Amino acid sequence: MWRRVASLSSSISSSFLAQTASRLNTWESLTTGIAQQAKGVIAPKEKTPFITFVLGGPGSGKGTQCIKIVETFGFAHLSAGDLLRREIASKSADGAMILNTIKEGKIVPSQVTVKLIQKEMELSDNHKFLIDGFPRTEENRVSFEQIIGVEPNVVLFFDCPEEEMVKRVLNRNEGRVDDNLETIKKRLTVFQALSLPVINYYSEKGKLYTIKAIGTEDEIFEQVRPIFAAFEAIPLNTRWNWNISALVVVIDMS
Ligand SMILES: Nc1ncnc2c1ncn2[C@@H]1O[C@H](COP(=O)(O)OP(=O)(O)OP(=O)(O)O)[C@@H](O)[C@H]1O
Ligand SMILES: O=c1ccn([C@@H]2O[C@H](COP(=O)(O)O)[C@@H](O)[C@H]2O)c(=O)[nH]1
Ligand SMILES: [Mg+2]
């Protein structure tokens, strides 16, 4: 349910922008929401979603940079880790399983995480999403595509040396159950084995933007800023498609 933008304003001529624009996919709706929209269960989204996956090892600075992207470009920030921690705090049915998985530095089943992300996307008034810390595995990625029915427009990879990531996590001091040396080592192993293949996948698809995640927070953001500025520069009528899926009439014979 998505199509590639075919033409762009001739006034935008930088090669970077042209390259970026060619990657701009638009969607008519979150696919799974379409039937519900047509049945009037949920209100149709006015604008098509623009999805950025924010990837990188533990402590690479994903959350820190997401705050800056939100402030500057008005995205909604959905941290998969925060959504899972919220489930633990709310003592939901999956809470205990999620807590054990996080303590072990392992990955929560895709279905659980994708459903949490989907719910947040549907509840949001925003159409620009930063999905932070997800997908962490190829199975996560496929599950997102199947359940949500769309692919990301942009994938950011915060590339940070392990030594620096360990130092940052151990200094974070937010009381996280996984911010200890034993769990960090496990998380780094999981990142290498399961998350790097996802990053490689998006690199091959030409959607990956690698950020050198060392230096000050502001210095790092200066690598991030032009990526989103380029998308902002694309004229509105070529950036978003109005959602026409609400015009589809569903005749339910059941
Ligand atoms: N450029 C930087 N230089 C030094 N410290 C940083 C930098 N960016 C972030 N930090 C700090 O490092 C710690 C980890 O950053 P952050 O929480 O943003 O990482 P993360 O990638 O979201 O990690 P996780 O995957 O564990 O959630 C935080 O305490 C943050 O303040
Ligand atoms: O998609 C996800 C995201 C996170 N997890 C688990 O949560 C912790 C913490 O995540 P952060 O992004 O670092 O806050 C992570 O180590 C995983 O155990 C997950 O399973 N799936
Ligand atoms: Mg984080």
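Residues numbered from 1 in each chain as written. Chains lettered and ligands numbered in written order. Predicted model: local features only at pLDDT ≥ 70, side-chain atom pairs only at ≥ 80, totals over all residues.

By the naming in an unreviewed UniProt entry, the protein chain goes by UMP-CMP kinase and is assigned to Gossypium tomentosum. Listed in UniProt under the heading Subunit (unreviewed entry), the comment for the protein chain reads: "Monomer." What the UniProt record of the protein chain gives under Sequence similarities (unreviewed entry) is the line "Belongs to the adenylate kinase family. UMP-CMP kinase subfamily." (UniProt positions renumbered as here; feature names shortened; annotations may be inferred.)

Engineer: Before we move on, could you go through the site of ligand 2 and cite the residues and values that matter?
Structural biologist: Lining the immediate environment of ligand 2, one finds 17 residues, of which Ala80, Gly81, Val108, Gly133 and Phe134 sit closest. Among the elements of the structure, helix H4 (80-89) and helix H5 (95-103) are those that each provide at least two residues to the shell around ligand 2. With three residues, the single largest contributor to the shell around ligand 2 is H4. (Near = placed C-beta within 6 Å. Helix = DSSP H or I, 4+ residues; strand = E, 2+ residues; numbered from the N terminus.)

Engineer: Any details on the packing of helix H6 (residues 110-123) against helix H7 (residues 138-148)? Residues and values, ideally.
Structural biologist: Viewed as axis vectors pointing N to C, H6 and H7 meet at an angle of 45°, and their least axial separation amounts to 9 Å. As the angle between them shows, H6 and H7 are arranged oblique. The interaxial crossing formed by H6 with H7 has right-handed handedness. Listed contacts from H7 to Ser110, Gln111, Thr113, Val114 and Gln118 of H6 are Glu139, Asn140, Ser143, Phe144, Ile147 and Ile148. Here the contact of H6 with H7 is built from residues that sort into four nonpolar, six polar and one charged. (Axes fitted to C-alpha atoms, helices over the stretch in contact; angles between N-to-C directions. Parallel < 35°, antiparallel > 145°, perpendicular 65-115°, else oblique. Left-handed = near helix turned anticlockwise from the far one by under 90°. Contact = placed C-beta atoms within 7 Å. Nonpolar A, V, L, I, M, F, W, Y, C, P; charged D, E, K, R; others polar.)

Engineer: Could you give an account of the packing of H4 against H6, with specific residues and numbers?
Structural biologist: It is at 10 Å that the axes of H4 and H6 come closest, and there the two elements cross at 100°. Of the possible angle classes, the one that applies to H4 and H6 is roughly perpendicular. In this structure, H4 uses Ala80, Leu83, Leu84 and Glu87 to contact H6, whose residues at the interface are Thr113, Leu116, Ile117 and Glu120. Considered class by class, the residues forming the contact of H4 with H6 number five nonpolar, one polar and two charged.

Engineer: Could you give an account of the site of ligand 1, naming the residues involved and the relevant values?
Structural biologist: With respect to spatial proximity, 16 residues lie near ligand 1, and among them Gly61, Lys62, Gly63, Thr64 and Arg168 are the closest. Taken together, the elements giving at least two residues each to the shell around ligand 1 come down to helix H3 (62-73), helix H8 (162-170) and helix H10 (217-232). The biggest single contributor to the shell around ligand 1 is H3, with three residues. Residues that form the shell around ligand 1 fall into these classes: three nonpolar, nine polar and four charged.

Engineer: Can you break down the environment of asparagine 173 residue by residue, with the values?
Structural biologist: Secondary-structure assignment places asparagine 173 in the loop between H8 and helix H9 (181-204). According to the C-beta neighbour criterion, asparagine 173 is exposed, with 8 such atoms within 10 Å. C-alpha of asparagine 173 to C-alpha of tyrosine 201: the two residues are 28 residues apart in sequence and 33 Å apart in space. (Buried ≥ 20, exposed ≤ 12 C-beta atoms within 10 Å, placed from the backbone.)

Engineer: Report on the UniProt feature "binding site: ATP" (unreviewed entry) in the protein chain, specifying residues and quantitative values.
Structural biologist: When the UniProt feature table is mapped onto this chain numbering, "binding site: ATP" (unreviewed entry) sits at Gly59, Ser60, Gly61, Lys62, Gly63, Thr64, Arg172 and Gly215. Among the structural elements, arginine 172 can be located in the loop between H8 and H9. Judged by the 13 C-beta atoms lying within 10 Å of it, arginine 172 falls in the partly exposed class. As for its placement among the helices and strands, glycine 215 is situated in the loop between strand S7 (208-212) and H10. Its 12 C-beta neighbours within 10 Å are what place glycine 215 among the exposed residues.

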